[in-house]
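The chain contents come next:
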Amino acid sequence: MPIFPFRFDVSSVVIRSLVSRSPRAMVLLAGVLATGCQKTVPPSKEAPPPVVSVAVPVVEEVQEFEETTGRLVAREAVEIRSRVSGYLDRTFFVDGSNVQEDQPLFEIDARPYAAELARASANVEQGRARVDRLKREEERIRKLFGTKNTTQADLDLVSADLAEARAAVDGLIAAREIAELNLEFTKISSPITGRISRRLVDPGNLVKADETPLVTVMSLNPIYAYFDIDERTVLRVERLIREGKIPSPRDSKYHVSFALADETEFTRTGEIDFLDNHISATTGTLRLRATVDNDNLLLQPGMFIRLHVPIGNPHPALLIPEEALGSDQGQRYVYVVNDEDVVTYRRVKIGLLKEGRRVIEEGLGPEDRVIVSGLQRARVGIKVNPELVAQKSPESAASPASGGESVPAKSIDRKPESSSTGGHKAIEAKATTDVLGRP
């Protein structure tokens, strides 16, 4: 059996004959054979453009602010010590309770001081009796001196003894007052209204005057909030003041909003009442203080807080949903659908995130259509089928009527609401009372 079997027929003989006679015929034959071997492929069906959801930026009145952190500090804090030495006799409070001004707290053994007061009182009476005796004696000497029956020296001596006795009585009265104070100091009361700590000395222990700390009392209402702002913000505010755009915070009342550690909304407010007179060389910040009402006594000294310090006046800004933003090596960007429904890449400068929406400071206009859903199907340069969705405002987010139904983007007349765009670092999408500048 041959290794390479071939099938010969009349047509193969004719082909060999034509090829041997003309090389050109061989080329034509090869083209005919190649054409005959290819199969006819039907034309492919073009895929429809992917559907994406787009939204136009919302123009709202917003308030620029600086965000910082701070601590709550008691407006009044007193470390109570005894003014007299002695053994602690009794206590009249519960550790950690609320106390009122002048409420009794401690009592030191008062018996030694009561005895000292009795002795001082007796000395005063003794001195007064001596003054009375010398006064009567001086009157007799004066009568005798008037009748020339005594000398001037006797009169001068009696007058001097009387003056000395009167001065001694004044000293004894002062000693008695000190004894009265010491006896009063054996009963220790709260100097302020506030919350008391645990007692540091138990009854029966010796207390040294002005040395032994007994307990601490801190006031709770109102309470102070201390915080710092950086040097660049200080310079910015000073320039606004010099330009006459805002009044000085040292001359007007300003408010800050803050939130506690477990709160997300900055619903609590305080009034700034102090700015330090220098910028710290260590931290490069200026220390400020706000007074906060604490009627329900929820706030306590030492609590950590986050603050919004408004700067300047409210102004319009553009906001888009946070999910529309992407990140490229730290640079934020969005996908924008142009008038031909083609996806384009747009870098943006962002501001504050407020209730799920991000302030766009640079890079977008009020007419731009930003892709907010279907980003995985969007590619730069491809054509898409955009469907416009309305942004949910914080008030309408819970309303079923504003459920975010999408409609074809081409059926919407996209007129700009405003041509203003924000150019601010941190902005709150809510017009509030200005702290470093009034609306």
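Residues numbered from 1 in each chain as written. Predicted model: local features only at pLDDT ≥ 70, side-chain atom pairs only at ≥ 80, totals over all residues. Heavy atoms only, no water.

## Digging into the nonpolar core
For clarity, the cut-off: We define the nonpolar core as a collection of buried residues of types Ala, Val, Leu, Ile, Met, Phe, Trp, Tyr and Cys that are connected through side-chain atoms lying within 4.5 Å of one another. For the exposure calls, accessible area comes from a 1.4 Å probe over protein chains only, and a residue counts as buried if that area is under 20% of its type's maximum, exposed if over 50%, partly exposed in between. Secondary structure counts use DSSP, requiring at least four H or I residues in a row for a helix and at least two E residues in a row for a strand, with both numbered from the N terminus. Two residues form a contact once any of their heavy atoms are found within 4.5 Å.
In this structure, Phe 227, Val 256, Phe 258, Ile 272, Leu 288, Leu 299 and Ile 305 are the most contacted members of the largest nonpolar core, which totals 19 residues. For this core, the secondary-structure elements that each account for two or more residues are strand 11 (223-230), strand 12 (254-260), strand 13 (268-279), strand 14 (285-292) and strand 15 (304-310). Not counting residues within four places of it along the chain, the set of residues in contact with Phe 227 comprises Thr 68, Thr 69, Gly 70, Val 256, Ile 272, Leu 286, Arg 287, Leu 288, Arg 289, Ala 290, Leu 307 and Val 309. Listed in part, the 17 residues of the second largest apolar core include Leu 105, Ile 196, Val 201 and Val 207.

## A look at the environment of Val 348
In this fold, Val 348 is placed in the loop between strand 19 (343-347) and strand 20 (349-354). Judged by its relative accessible area of 5%, Val 348 is buried. For Val 348 and Glu 361, which are 13 residues apart along the polypeptide, the C-alpha to C-alpha distance reads 7.4 Å. Apart from the residues within four sequence positions on either side, Val 348 is in contact with Leu 325, Gln 331, Arg 332, Tyr 333, Val 334, Ile 360, Glu 362, Gly 363 and Leu 364.

## Points about the sheet that holds strand 8 (residues 194-196)
What links the strands of a sheet is backbone hydrogen bonding, and the strands pair in either a parallel or an antiparallel sense. Cut-off, in case you're wondering: We treat two strands as partners when DSSP finds at least two bridges between them.
Read across the open sheet, the four strands follow the order 3-10-8-5; overall the sheet is antiparallel. Looking at the sheet topology across the chains shown, the edges are occupied by strand 3 (77-81) and strand 5 (98-99). Across two bridges, the pairing between strand 5 and strand 8 is antiparallel. Bridge assignment links Val 99 to a residue of strand 8, and that residue is Gly 194.

## Points about the pattern of salt bridges
Selection rule: Any carboxyl oxygen of Asp or Glu that lies within 4 Å of a side-chain nitrogen of Lys or Arg is treated as forming a salt bridge with it.
In total, this model carries 18 salt bridges according to the counting rule given. For Arg 357, the salt bridge identified is with Glu 60, shortest N-O distance 3.0 Å. Here the residue Arg 357 occupies a position in strand 21 (residues 357-362), and Glu 60 occupies one in strand 2 (residues 58-74), the gap between them amounting to 297 residues. For Arg 357, a relative accessible area of 6% corresponds to the buried category. Arg 90 is paired through a salt bridge with Glu 107; the nearest N and O atoms lie 2.6 Å apart. Residue Arg 90 is found in strand 4 (residues 86-91), and its partner Glu 107 is found in strand 6 (residues 104-108); the two are separated by 17 residues along the sequence. Linked through salt bridges whose partners overlap, the residues forming this network are Arg 90, Glu 107 and Lys 187.

Remember that the coordinates give geometry; whether it matters functionally is a separate question.
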